[in-house]
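Reading the structure
Given next are the chains, with one letter for each unit.
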Amino acid sequence: MGLLQFLKSQFLCHLIMCYVFLVSGLIVNLIQICTLPLWLVSKQLARKINIRLAYCIASQMVAALEWWSGTECTLYTDPKRYPLYGKENAIVVLNHTFEIDFLCGWTFCERFGVLGSSKVLAKRELAYVPVIGWMWYFLEIVFCKRKWEEDRTTVAQSLQKLRDYPENYWFLLFCEGTRFTPKKHQFSMQIAESKGLPKLKYHLLPRTKGFYVTVQNLRGTAAAIYDSTLNFRNNEVPTLLGIINGKKYHADLYVRRIPLESVPEDEAECAAWLHKLYQEKDGFQEQYAQTGHFPGPIMSPPRRPWSLINWLFWSCVVLYPLGLLIAQMLSSGSVLTIVAAVVVCSAVSMGMRWMIGQTEIDKSSNYGIKAAPLNNN
């Protein structure tokens, strides 16, 4: 282990990273709150400002993946479609298999300049989580309760609000609804068998209702579906904790651009279309398992420096006063002050560990097991 890798694995470095992320994130959240009056004057200007503010938070996580851990992200795609990426609104359909698949999706957005404006369909509880959840609220992220009778109307209304969005965005959609686990897969395939649907080996049965509502409400706004299939070389099992420890992974992403008009407008036909799409995704994963690569040429965009510059900027902003405070505390020799500093550091560490825990596979929701009989149509 080299010196740099040794430093990356040290708790002090992790604590500093957590402190920078949390404190800078709360500062950005505060600035976002200050933009509330602007929404009444110029909604489009408020949106553009919040896109830049959201980038300040999200790009720190991308910087951890690309610059801190050095994870390599290789893109397989059609060279003829490549110039369109980042130049149009799109619905990105991702497989939900790994703890950091969302982060790889963000990296994809960052390399094509749409990270700050990227959207997701997220569960309602996340709206109350400081930093990320509050950032999403001001980005007009679509939140749902996972109760379809209530979600159909609220999701459609939220999507309609994006029709006049001032900048290009990608809507990241995990159609499986929950992260893949063997237990969920077994249950999902029982549902597939009962409905007479082909079984999948590498995916859960996609939830077609949310996809249909998303497509219908973004017709005329989004130009295409980006069918995105992610995997990692050498059977790597990436984790967010591994990223923070500086572990390098090798991600491969296969992206197909499918014009949105090719998706049927009838709900039943749209559901059949999505099931067929996931059968094709399963075939791509099977090819990857056998050959170690996806079909098509490699067209990987290079890393952009902005995520690293942003992280360095915020590090200077929040670490400089912290350094002065620590020096003052040490010089004062006050036991109470030092104990208070230890408590604050412990709170930061515990808060970040809790946030990391939300991405862990063994702590993912039981949505795929509990709700499948009701919502798997």
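Quick caveat: nothing in here was measured; it's all calculated off a predicted structure.

Each value, and the rule that gives it
Residues numbered from 1 in each chain as written. Predicted model: local features only at pLDDT ≥ 70, side-chain atom pairs only at ≥ 80, totals over all residues. Heavy atoms only, no water. Buried < 20%, exposed > 50% of the residue type's maximum accessible area, 1.4 Å probe, protein only. Helix = DSSP H or I, 4+ residues; strand = E, 2+ residues; numbered from the N terminus. UniProt positions renumbered as here; feature names shortened; annotations may be inferred. Pairing = 2+ DSSP bridges.

Remarks on helix α9 (residues 208–218)
Most of α9 sits out of view: 10 of its 11 residues are buried. For α9, the set of buried residues is T208, K209, G210, F211, Y212, V213, T214, V215, N217 and L218. A positive backbone phi angle near 85° is found at G220, which sits one or two residues after α9.

Overview of the UniProt feature "transmembrane region" (unreviewed entry) in the chain
Per the UniProt annotation, the sites labelled "transmembrane region" (unreviewed entry) are residues 20–41, 308–329 and 335–356. Secondary structure within residues 20–41 divides into 95% helix and 0% strand; the distance between the first and last C-alpha atoms comes to 32 Å.

What to know about the pairing of strand β2 (residues 90–94)
Burial of β2 is extensive: 5 of the 5 residues sit out of reach of the surface. Both faces of β2 are covered, namely the face carrying A90, V92 and L94 and the face carrying I91 and V93. The sheet contact formed by β2 and strand β5 (residues 170–173) spans 4 bridges and is parallel. Residue pairing in the sheet places V92 in a bridge with L172 of β5. Examined bridge by bridge, β2 and strand β6 (residues 224–232) share 5 bridges and lie parallel to one another. Bridge pairing links A90 to A224 in β6.

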